[in-house]
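Now for the letters of each chain:
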Amino acid sequence: MDAREMKKKAAEAALSHVEDGMRLGIGTGSTAEEFVRLLAERVADGLQVQGVPTSERTARLCLELGIPLRSLGELPELDLTIDGADEVDPQLRLIKGGGGALLREKIVAAASARMIVIADETKVVETLGSFPLPIEVNPFGLTATRIAVERVASRLGLSGQITLRQSGEDVFTTDGGHHILDASFGRIPDAEALAGKLYLIPGVVEHGLFINLASFAIIAGDTGARTIKAQ
Ligand code: 5RP
């Protein structure tokens, strides 16, 4: 099974949790897009849902495929969010933000009664941190914020390159008008401690550690899909 087929398999399994009338948070990224395409087929067959997209990119795809959308302002409480992840650990902690949508993704997930993560086996890790941690920062004082992140990390025994995400020739800008620092720490043994400390830095808008947000993850591999549940 190739990567796309695995993503589709996870998305298919997640679709079985979507019920008529649901207010649905809709994630960002290539796995979430597989979900959007399958959801659109169900909507065309008569399924009634109202979606809240986690990015402009997802919003465009949903509109193109005929999925009815609302803003989070209109629907501040959601039944279910389905989204991808860059890393998933056995405790269901995640790294997200590879697609740059972490802020809206976290706000939408936190506004949802349940969050289902869809991913393929390549995303499952023992310890988070091989994937560079995306940290969304305000453009003002960018260098000062980067130095503060380095200091906080160093106090927790973490080190590694922290790079400003680019998009071609330009600095990458999120839907919220912020930038992203990608922190290559390699291993993050105490994700909770790092998450808490990053929030204390004024220029940090949000970080890609998703802790206690996912209800379960559907992980697709060559032999089918398995579930990782919150312990
Ligand atoms: C976007 C995300 C994505 O969910 C994450 O990057 C996974 O993407 P993909 O399904 O393309 O591997 O967090 O901000």
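Fair warning: this is a prediction, and the values are worked out from it, not measured in the lab.

(A) How the structure looks around the sheet that holds strand β7 (residues 133-137). Overall, antiparallel pairing links the four strands, which are arranged β8-β11-β7-β12 in an open sheet. On the outer flanks of this sheet lie β8 (162-164) and β12 (204-207), each paired with one strand and no other. Sheet twist, expressed as the mean angle between neighbouring strand axes with direction ignored, is 30°. Note that β8 and strand β11 (residues 179-183) share three bridges and pair antiparallel. Along β11, the bridge assignment pairs Ile-162 with Ala-183. Along the sheet, helix α6 (residues 191-199) contacts β7 and β12; its crossing angle with β12, the most-contacted strand, is approximately 160°.

(B) How the structure looks around the packing of aromatic side chains. Summed over the entire model, instances satisfying the criterion amount to zero aromatic pairs. Its end group placed over the ring of Phe-210, Lys-96 keeps NZ or CZ at 5.7 Å from the ring centre. One Lys or Arg, Lys-106, reaches over the ring of Phe-210 and ends 5.0 Å from the middle of that ring.

(C) Region of the structure containing the site of the ligand. Within the structure, the ligand sits among 16 residues, and Ser-30, Thr-31, Asp-86, Gly-97 and Lys-123 are positioned closest to it. Residue Gly-98 places a main-chain N or O atom 3.4 Å away from an oxygen atom belonging to the ligand. Considered on its own, the ligand offers 380 Å² of accessible surface; in the complex 90% of this is hidden by protein. The residue inventory of the shell around the ligand, partitioned by class, reads two nonpolar, nine polar and five charged.

(D) Quick look at helix α5 (residues 142-155). End to end, α5 covers 20 Å across 14 residues, agreeing with the expected 20 Å (1.5 Å per residue, within 8%). Those residues of α5 not exposed but buried are Leu-142, Thr-145, Val-149, Val-152 and Ala-153. Projection of α5 onto a plane perpendicular to its axis shows the buried side chains occupying an angular sector of 100°, all on one side. Among the exposed residues of α5, those pointing more than 90 degrees away from its buried face are Ala-144, Arg-151 and Arg-155. In this structure, the buried residues of α5 make contact with β7, β8, β11, α6 and β12.

Conventions adopted
- Residues numbered from 1 in each chain as written.
- Predicted model: local features only at pLDDT ≥ 70, side-chain atom pairs only at ≥ 80, totals over all residues.
- Heavy atoms only, no water.
- Pairing = 2+ DSSP bridges.
- Helix = DSSP H or I, 4+ residues; strand = E, 2+ residues; numbered from the N terminus.
- Axes fitted to C-alpha atoms, helices over the stretch in contact; angles between N-to-C directions.
- Contact = heavy atoms within 4.5 Å.
- Phe/Tyr/Trp six-rings, centres within 6.5 Å; stacked < 30°, edge-to-face > 60°.
- Lys NZ or Arg CZ within 6 Å of the ring centre and 35° of its normal.
- Near = heavy atom within 4 Å.
- Polar contact = N/O pair within 3.5 Å; in protein donor to acceptor, adjacent residues only side chain to side chain.
- Areas by Shrake-Rupley, 256 points an atom, 1.4 Å probe, with all protein chains shown as cover.
- Nonpolar A, V, L, I, M, F, W, Y, C, P; charged D, E, K, R; others polar.
- Expected span 1.5 Å × (residues − 1).
- Buried < 20%, exposed > 50% of the residue type's maximum accessible area, 1.4 Å probe, protein only.
- Arc of directions from axis to C-beta.

Shape descriptors only; they carry no functional weight alone.
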